[in-house]
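Observations on the three-dimensional arrangement
Okay, here's what each chain looks like letter by letter:
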Amino acid sequence: MEFVIVGFPSLQPEYFVLVAWLFFFLYVTTAVGNLLLVVMFTLERSLHEPMYIIMVSLALSDIGFATVALPKLIARYWWNDGSLGFHTCFFQMHMIHYFGSLNSLILLTMALDRYLAICFPLRYPTMMTNQTMAGLTLFCWGIAHIFPGISTINFSLMPFCGPNKIIQAFCTTMSLKSLVCVDTSRQYSLAFAVAMFILYVPLAFIIFSYICIVISVLRMAKGQGRMKTFSTCATQGCIISIYYIPRFFVYVTPFIPNLTMTPDKSIATTVFYSLFPPVINPFIYCLRTKEIKQIFRRCICILFHFILLH
């Protein structure tokens, strides 16, 4: 009737409250930082451009992921309440994989936008309009349900008649695989193939686009303009690496005989690549943007004058 989220199996009870506060801080930071971007985009008409539509899409996705994943994990360590209903667990599993797939597609769209803007600057305004970007964004939000939906349906039809403790921070395909009473090799292989497709087909294009961007910048830009472009690419490259590389190791570990990860290390890796990017994305993609920094300065000046007058 229910599953129980165990979290870190080796964590001592005296550290539970500290860990709960840590996850609570991550949730509040993620929600506030990304929500601030959404509100700013809604109120400031100068930000109604394709690039910012992608940023808002990423911000909403990050808020959604944190809201699905973190409240139960916080409850697990704050009130020792890790229980999840049977169908609630599958809903969480689907949404966690959904937002993971969605982020991959959003990063693909972001790479496409930068590729067109830098490699085809004259044709970019006609190729990538607000309507085109909005359509691509809605397409990503819709199609991202298909890939995790395959795994969710397959595993929801499996018999669960043994232990119900999930050795993970939240419900995932890998964490539920060990609780099924029958052979899941076929279902897991299918889930693995789907995950590799949705993660690494976009990654292949992202790498290709960045290679083209670097070549174009080396040909055209000089001095500070070249360094600014490289700085932006390097920063985004770090986020992309954090998003993709740890996922790869977690997914391929069961298929490599001599490569093993303890449950605590596996959970820590999953938490890192799942929660770290949503926390820092607003700072990486937004606070480095000239228009948004100008809006922040204007708001701070208005607030400063308001305080002086009162």
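The rules we used
- Residues numbered from 1 in each chain as written.
- Predicted model: local features only at pLDDT ≥ 70, side-chain atom pairs only at ≥ 80, totals over all residues.
- Heavy atoms only, no water.
- UniProt positions renumbered as here; feature names shortened; annotations may be inferred.
- Core = buried A, V, L, I, M, F, W, Y, C linked by side-chain atoms within 4.5 Å.
- Buried < 20%, exposed > 50% of the residue type's maximum accessible area, 1.4 Å probe, protein only.
- Helix = DSSP H or I, 4+ residues; strand = E, 2+ residues; numbered from the N terminus.
- Contact = heavy atoms within 4.5 Å.
- Patch = residues over 30% accessible without salt bridge, like charges linked within 9 Å, V, L, I, M, F, W, Y side chains within 5 Å.
- Areas by Shrake-Rupley, 256 points an atom, 1.4 Å probe, with all protein chains shown as cover.
- Salt bridge = Lys/Arg side-chain N within 4 Å of Asp/Glu carboxyl O.
- Expected span 1.5 Å × (residues − 1).
- Disulfide = S-S within 2.5 Å.
- Phe/Tyr/Trp six-rings, centres within 6.5 Å; stacked < 30°, edge-to-face > 60°.
- Lys NZ or Arg CZ within 6 Å of the ring centre and 35° of its normal.
- Polar contact = N/O pair within 3.5 Å; in protein donor to acceptor, adjacent residues only side chain to side chain.
- Axes fitted to C-alpha atoms, helices over the stretch in contact; angles between N-to-C directions.
- Parallel < 35°, antiparallel > 145°, perpendicular 65-115°, else oblique.
- Left-handed = near helix turned anticlockwise from the far one by under 90°.
- Nonpolar A, V, L, I, M, F, W, Y, C, P; charged D, E, K, R; others polar.
- Pairing = 2+ DSSP bridges.

- Where an unreviewed UniProt entry is consulted, the protein appears under the name Olfactory receptor, with the organism given as Seriola lalandi dorsalis.
- One UniProt comment on the protein, placed under Subcellular location (unreviewed entry), says "Cell membrane".
- Turning to the protein, the UniProt annotation filed under Sequence similarities (unreviewed entry) states: "Belongs to the G-protein coupled receptor 1 family."

A closer look at the nonpolar core
- Grouped together as the largest cluster of nonpolar side chains are 72 residues, with contacts concentrated most on Phe 23, Tyr 77 and Tyr 244.
- Where this core is concerned, the elements lending two or more residues are α1 (16-43), α2 (50-78), α3 (86-119), α5 (130-143), α8 (185-220), α9 (223-252) and α10 (263-287).
- Setting aside residues no more than four positions away along its own chain, Tyr 244 makes contact with Ser 104, Leu 107, Leu 199, Tyr 200, Pro 202, Leu 203 and Ile 206.
- The next biggest cluster of nonpolar side chains, apart from the first, holds 13 residues, and it includes Phe 3, Cys 89, Phe 155 and Cys 171.

Overview of a nonpolar patch on the surface
- A surface patch of nonpolar side chains, amounting to about 440 Å² of accessible area, comprises Val 17, Trp 21, Phe 24, Val 28 and Val 32.
- Relative to the elements of secondary structure, Val 32 occurs in helix α1.
- Accessibility expressed as a relative area gives 52% for Val 32, which makes it exposed.

Some points on the pattern of salt bridges
- A full pass over the atoms with the stated rule returns 2 salt bridges.
- Notably, a salt bridge pairs Lys 72 with Asp 81, separated by 3.6 Å at the nearest N-O pair.
- For Lys 72, a relative accessible area of 17% corresponds to the buried category.
- Here Arg 114 and Asp 113 are joined by a salt bridge, their closest N and O atoms 2.7 Å apart.
- Since its relative accessible area comes to 0%, Asp 113 is described here as buried.

Considering α3
- Between the first and last C-alpha of α3 there are 50 Å, a value that for 34 residues agrees with the 50 Å anticipated at 1.5 Å per step.
- For α3, the buried fraction is high: 26 of the 34 residues fall into the buried class.

Some thoughts on the state of the cysteines
- In the structure shown here, the tally under the stated rule is 1 disulfide.
- Cysteine Cys 212 is unpaired, with the sulfur of Cys 119 as its nearest cysteine sulfur at 5.4 Å.
- On the accessibility criterion, Cys 212 (17% relative accessible area) is buried.

A closer look at the environment of Ile 96
- Mapping Ile 96 onto the fold places it in helix α3.
- Residue contacts for Ile 96: discarding those within four places in its chain leaves Phe 65, Val 68, Ala 69, Phe 170 and Cys 171.

Points about the packing of aromatic side chains
- Evaluated as defined, the whole model comprises 20 aromatic pairs.
- Here Phe 90 and Phe 160 contribute two aromatic rings whose centre-to-centre distance is 5.7 Å and whose plane-to-plane angle is 75°, an arrangement assigned as edge-to-face. Here Phe 90, found in helix α3, pairs with Phe 160, found in the loop between α6 (146-156) and β3 (165-166); they are 70 residues apart in sequence, far enough to count as distant.
- Classification of Phe 90 as buried rests on a relative accessible area of 5%.
- An aromatic cluster of at least three residues, connected via ring pairs, comprises Phe 3, Phe 86, Phe 90 and Phe 160.
- In this structure, Arg 76 is placed above the aromatic ring of Tyr 77, and the distance from its NZ or CZ to the ring centre is 5.0 Å.

Some remarks on the side chain of His 97
- Considering the arrangement of structural elements, one finds His 97 in helix α3.
- Reaching out from His 97, the side chain makes a polar contact with the side chain of Thr 173 at a distance of 3.1 Å.
- Contact partners of His 97, with chain neighbours within four places excluded, come to Pro 148, Thr 172, Thr 173 and Tyr 251.

Here's the deal with the packing of α2 against α3
- Close contact between α2 and α3 brings their axes to 10 Å; oriented N to C, the two are set at 160°. When the interaxial angle is binned, α2 and α3 end up roughly antiparallel. Both α2 and α3 take part in a crossing whose hand is left-handed. Seen from α2, the contacting residues are Pro 50, Met 51, Ile 54, Ser 57, Leu 58, Ser 61, Asp 62, Gly 64, Phe 65, Val 68, Ala 69 and Lys 72; seen from α3, they are Gln 92, Met 95, Ile 96, Phe 99, Leu 102, Asn 103, Ile 106, Thr 109, Met 110, Asp 113 and Arg 114.
- Residues of the contact of α2 with α3, tallied by class, amount to 13 nonpolar, 6 polar and 4 charged.

A short note on the pairing of strand β1 (residues 2-5)
- With burial as the criterion, only one face of β1 is covered, namely that bearing Phe 3 and Ile 5; the residues Glu 2 and Val 4 on the opposite face remain uncovered.
- Judged from the 3 bridges that link them, β1 and strand β2 (residues 83-85) form a sheet pairing that is antiparallel. Following the sheet pairing, Val 4 is matched in β2 by Ser 83.

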